[in-house]
Amino acid sequence: MTTARVTVVVVSYNSADVLGDCLASIELHAGDHRAIVVDNASSDASFELAQAARFATALRADGNEGFSNANNRALRVVETEFALILNPDARLTSSSIPQLLAAADRHPEAAALGPKTVYEDGRPQVSFGPDLSPLAEHRQRKLVKGVKAGQPEALEAWRIATRQEREVDWISGSCMLLRMSAARAVSFFDERYFLYEEDADLCLRLRKAGGKVLFVPEAVVLHELGTSMAKASKRARDAYDESHRLYYRLHRPAWEQALLSAFIATRRVLGRE
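Predicted, not measured: the structure shown is a model, and the values here were computed from it.

A.B. asks: Can you walk me through the overall build of the chain in this structure?
C.D. replies: In terms of regular secondary structure, the chain is built from 11 helices and 11 strands. Relative to the 2.2 N^0.38 estimate, which gives 19 Å for 273 residues, the radius of gyration of the chain is 18 Å and therefore close to what a compact globule would have. In terms of overall dimensions, the chain has a C-alpha envelope of 50 × 40 × 40 Å along the principal axes. Of all 273 residues assigned to the chain, the portion counted as buried reaches 51%. When contacts within the chain are restricted to residue pairs at least 6 apart in sequence, those whose partners lie at least 24 apart make up 77%. About 12600 Å² of surface is accessible on the chain, with carbon and sulfur atoms providing 53% of the total. Each charge class in the chain can be summarised by its mean position, and for the 35 positive and 36 negative side chains these summaries are 5 Å apart.

Here it is in structure tokens:
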């Protein structure tokens, strides 16, 4: 088993401050690999960093075309059995690709597999969840906030949920191993999503096509969660809201769409994120 079966795909946008460490982790832990970095017309040195990586093919878009479009640009030319979608603020560890591949081999029906993501200091993150709906998202937000705040009840729920490999509804696009035959069959990411929820949408479509989505806690990835949001918070929040509305239009009933719109409007009036 080698990582020659995997092509690592990274999308960058003004990510020079984190991209170097991401690429270094690929070189260190991916072994016999290929990487494709798609740069969304960054104004910093992101593209030059990608060009300098001897193992990477650097592609540059004419403008910021978003996460889905940029990933698809790379996925269309991937020739390996698997593609690993990896955020530029994420870093592989020695367990990441080997454990994801081992799980994929154990479960040929798995179309997408995600690792356990943690901060560099080991603090936990929530990187998977249920299909989006008002009630599910309320529970998910409570769990995410509780884990981030270190609340004992939330941390215990996280420990129970992450102690073994399991089937889930979606995994985070910060690190996602895609079986290319399955991903190709559903035409990869939906390019109507500029940023956010494209991972949940893809996982839902993969499952509707007969595949499974697996969370693999033995595979660990370091993720500096939230760096993209911090760089362009208002634009990121707007993109988050628009992607939410799109997901609900595509996959949820009309009354839930109306409820979501009311929630977004109320939150904005109150000035809450």
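A.B. asks: Help me understand the packing of aromatic side chains in this model?
C.D. replies: Two descriptors summarise a pair of aromatic rings, namely the distance from one centre to the other and the angle between the planes of the rings. If you walk through the whole model with that rule in mind, you get four aromatic pairs. Where Phe128 meets Phe215, the ring centres are 4.4 Å apart and the plane angle is 40°; that geometry is what we call tilted. Placement of Phe128 in strand 7 (residues 128-129) and of Phe215 in strand 11 (residues 212-223) is noted, with a sequence separation of 87 residues between them.

A.B. asks: Which parts of the structure should I look at to understand the pattern of salt bridges?
C.D. replies: Close approach of charged atoms allows side chains with opposite charge to pair. If you walk through the whole model with that rule in mind, you get 20 salt bridges. Here Asp105 makes a salt bridge to Arg5, at a shortest N to O gap of 2.8 Å. Remark: Arg5 occurs in the segment before strand 1 (6-12) and Asp105 occurs in helix 4 (residues 96-106); sequence separation between them is 100 residues. Overall, Arg5 belongs to the buried group, its relative accessible area being 18%. A salt bridge links Arg268 to Asp241, with the shortest nitrogen-to-oxygen separation between them at 2.7 Å. Here Asp241 lies in helix 10 (residues 233-251) and Arg268 lies in helix 11 (residues 254-270), a separation of 27 residues in the sequence. Classification of Arg268 by relative accessible area gives partly exposed; the value is 43%.

Calculation notes
Residues numbered from 1 in each chain as written. Predicted model: local features only at pLDDT ≥ 70, side-chain atom pairs only at ≥ 80, totals over all residues. Heavy atoms only, no water. Helix = DSSP H or I, 4+ residues; strand = E, 2+ residues; numbered from the N terminus. Rg over C-alpha atoms; globule rule 2.2 N^0.38 Å. Buried < 20%, exposed > 50% of the residue type's maximum accessible area, 1.4 Å probe, protein only. Contact = heavy atoms within 4.5 Å. Areas by Shrake-Rupley, 256 points an atom, 1.4 Å probe, with all protein chains shown as cover. Lys, Arg positive; Asp, Glu negative; His and termini not counted. Charge placed at Lys NZ, Arg CZ, Asp CG, Glu CD. Phe/Tyr/Trp six-rings, centres within 6.5 Å; stacked < 30°, edge-to-face > 60°. Salt bridge = Lys/Arg side-chain N within 4 Å of Asp/Glu carboxyl O.

Honestly, it's all geometry; don't read function into it.
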